[in-house]
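Architecture at a glance
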Amino acid sequence: MRFSPALEQGRLLRRYKRFLADIELASGEQLTIHCPNTGSMLNCMLEGGQVWFSRSNDPKRKLPGTWEISETPQGRLACVNTGRANALVEEALHAGVIRELAGFTGLKREVAYGEERSRVDFRLEFADGPAYVEVKSVTLGYPDSSVAAFPDAVTQRGAKHLRELAALARQGIRAVQLYCVNLTGVDAVRPAEEIDAAYSQALRAAVADGVEVLAYGARLDAGQIVIDRPLPVLLNR
């Protein structure tokens, strides 16, 4: 995924009210931009650190830009726009990068399913039946560790998605939890039990029921983001 037009660079002054961030450009101009991340953004933003944002000329928009990439306290880069994850995964699926899901004949987005009225990110059609794929964006890293973690805040919705996937797997339907790791310098992924023990338990229960858990890392810079490699998922710390 290439950014077009190119991202602009600034310096983070502060994030507040979850969806707002103040930044300063090299010219000294200060802007308030949209922060498209509902999580805590733990360890993936640094006041005074570099940020990259996309600018919109849409006159209907209240804010001129959207925060896309952040410099982390560990010196990594994180794509903090969680809305990018599904597009990145779809691009990788069509390119055959995600080998475990290669060979599908059809792809549908945001398909309703399950007893808890969920919507799965992708339903892929294969000759032997469908696969339901739920995508999560991972940006949480820790100092002196190349293992990223999910989630960065308690997520009841994430646990619900795992229960829905597990129910499918028990019926013999292929169900996949896919972690899109939008953070540089990462070699593996784990559940963040120290943040959300219930989610971690739900993940292990889902695996026991037959849910496949995959993780793929992305190469990212101010010009593009590309999913390029599989990563191991460490279910136990």
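About the thresholds
- Residues numbered from 1 in each chain as written.
- Predicted model: local features only at pLDDT ≥ 70, side-chain atom pairs only at ≥ 80, totals over all residues.
- Heavy atoms only, no water.
- Core = buried A, V, L, I, M, F, W, Y, C linked by side-chain atoms within 4.5 Å.
- Buried < 20%, exposed > 50% of the residue type's maximum accessible area, 1.4 Å probe, protein only.
- Helix = DSSP H or I, 4+ residues; strand = E, 2+ residues; numbered from the N terminus.
- Contact = heavy atoms within 4.5 Å.
- Phe/Tyr/Trp six-rings, centres within 6.5 Å; stacked < 30°, edge-to-face > 60°.
- Lys NZ or Arg CZ within 6 Å of the ring centre and 35° of its normal.
- Disulfide = S-S within 2.5 Å.
- UniProt positions renumbered as here; feature names shortened; annotations may be inferred.
- Pairing = 2+ DSSP bridges.
- Expected span 1.5 Å × (residues − 1).
- Arc of directions from axis to C-beta.
- Polar contact = N/O pair within 3.5 Å; in protein donor to acceptor, adjacent residues only side chain to side chain.
- Salt bridge = Lys/Arg side-chain N within 4 Å of Asp/Glu carboxyl O.

Ranked by internal contacts, the top residues of the largest apolar core, which has 40 residues, are Ile23, Ile33, Trp67, Tyr179, Val181 and Val211. Residue contributions to this core peak at six residues, all from helix α2 (residues 156-170). Dropping the residues within four chain positions of it, Ile23 is found in contact with Arg11, Leu12, Leu13, Glu29, Gln30, Leu31, Ile33, Val51 and Phe53.

In this section: the packing of aromatic side chains. Scanning all chains against the criterion turns up four aromatic pairs. Taking the centre distance of 5.5 Å and the plane angle of 35 degrees together, the rings of Tyr113 and Tyr132 count as tilted. Placement of Tyr113 in strand β7 (residues 106-113) and of Tyr132 in strand β9 (residues 129-138) is noted, with a sequence separation of 19 residues between them. As far as burial versus exposure is concerned, Tyr113 and Tyr132 are alike and both buried. Ring geometry for Phe150 and Tyr199: centres 5.4 Å apart, planes at 70 degrees, overall edge-to-face. Placement of Phe150 in strand β10 (residues 147-150) and of Tyr199 in helix α3 (residues 197-208) is noted, with a sequence separation of 49 residues between them. Residue class for Phe150 comes out buried when judged on its relative accessible area of 12%. Its relative accessible area of 0% is what places Tyr199 among the buried residues. Between Arg14 and the ring centre of Tyr16, over which it is positioned, the NZ or CZ distance is 3.8 Å. Over the face of the ring belonging to Phe126 we find Arg174, whose NZ or CZ atom lies 5.6 Å from the ring centre.

So, about the state of the cysteines. Considering all chains together, one arrives at zero disulfides under this definition. Free cysteine Cys44: the closest other cysteine sulfur is in Cys35, separated by 8.5 Å.

With that out of the way, let us pick up the UniProt feature "domain: Sugar fermentation stimulation protein C-terminal" (unreviewed entry) in the protein chain. Residues given the UniProt feature "domain: Sugar fermentation stimulation protein C-terminal" (unreviewed entry) here are residues 84-222. In residues 84-222, the share of helix is 28% and the share of strand is 37%. The end C-alpha atoms are 14 Å apart.

Right, let's talk about the UniProt feature "domain: SfsA N-terminal OB" (unreviewed entry) in the protein chain for a bit. According to UniProt, the feature "domain: SfsA N-terminal OB" (unreviewed entry) maps to residues 13-80 in the numbering used here. Regarding residues 13-80, the helix share stands at 0% and the strand share at 44%, and the terminal C-alpha atoms are separated by 16 Å.

In terms of burial, β9 is a largely internal element, nine of the ten residues being buried. Linking two consecutive strands that pair antiparallel, namely strand β8 (residues 118-126) and β9, is a turn of two residues. Two elements, β9 and strand β11 (residues 174-181), share eight bridges in a ladder whose sense is parallel. Bridge pairing in β11 places Lys136 opposite Tyr179.

On to α3, then. Here α3 is twelve residues long and its end C-alpha atoms lie 17 Å apart, about the 16 Å a rise of 1.5 Å per residue gives. Turning to α3, its buried residues are Tyr199, Ser200, Ala202, Leu203 and Ala206. The arc that holds every buried residue of α3, seen down its axis, measures 160 degrees, which confines them to one face. Residues of α3 that are buried sit in contact with β10, α2, β11, β12 (188-191) and β13 (212-220). Backbone nitrogen of Ala198 and a side-chain oxygen of the N-cap are separated by 3.2 Å at the start of α3; the cap is Asp196. Gly210 occupies a position one or two residues after α3 and carries a positive phi of about 110 degrees.

Scanning the model with the defined rule gives 15 salt bridges in all. For Arg11, the salt bridge identified is with Glu24, shortest N-O distance 2.5 Å. Here Arg11, found in strand β1 (residues 8-16), pairs with Glu24, found in strand β2 (residues 20-24); they are 13 residues apart in sequence, far enough to count as distant. In this structure, Glu116 engages Arg163 in a salt bridge whose closest nitrogen and oxygen atoms are separated by 2.9 Å. Here Glu116 is found in the loop between β7 and β8, whereas its partner Arg163 is found in helix α2, with 47 residues between them in sequence. According to the relative accessible area criterion, Glu116 is partly exposed, its value standing at 30%. Here Arg163 falls in the partly exposed class, since its relative accessible area comes to 42%.

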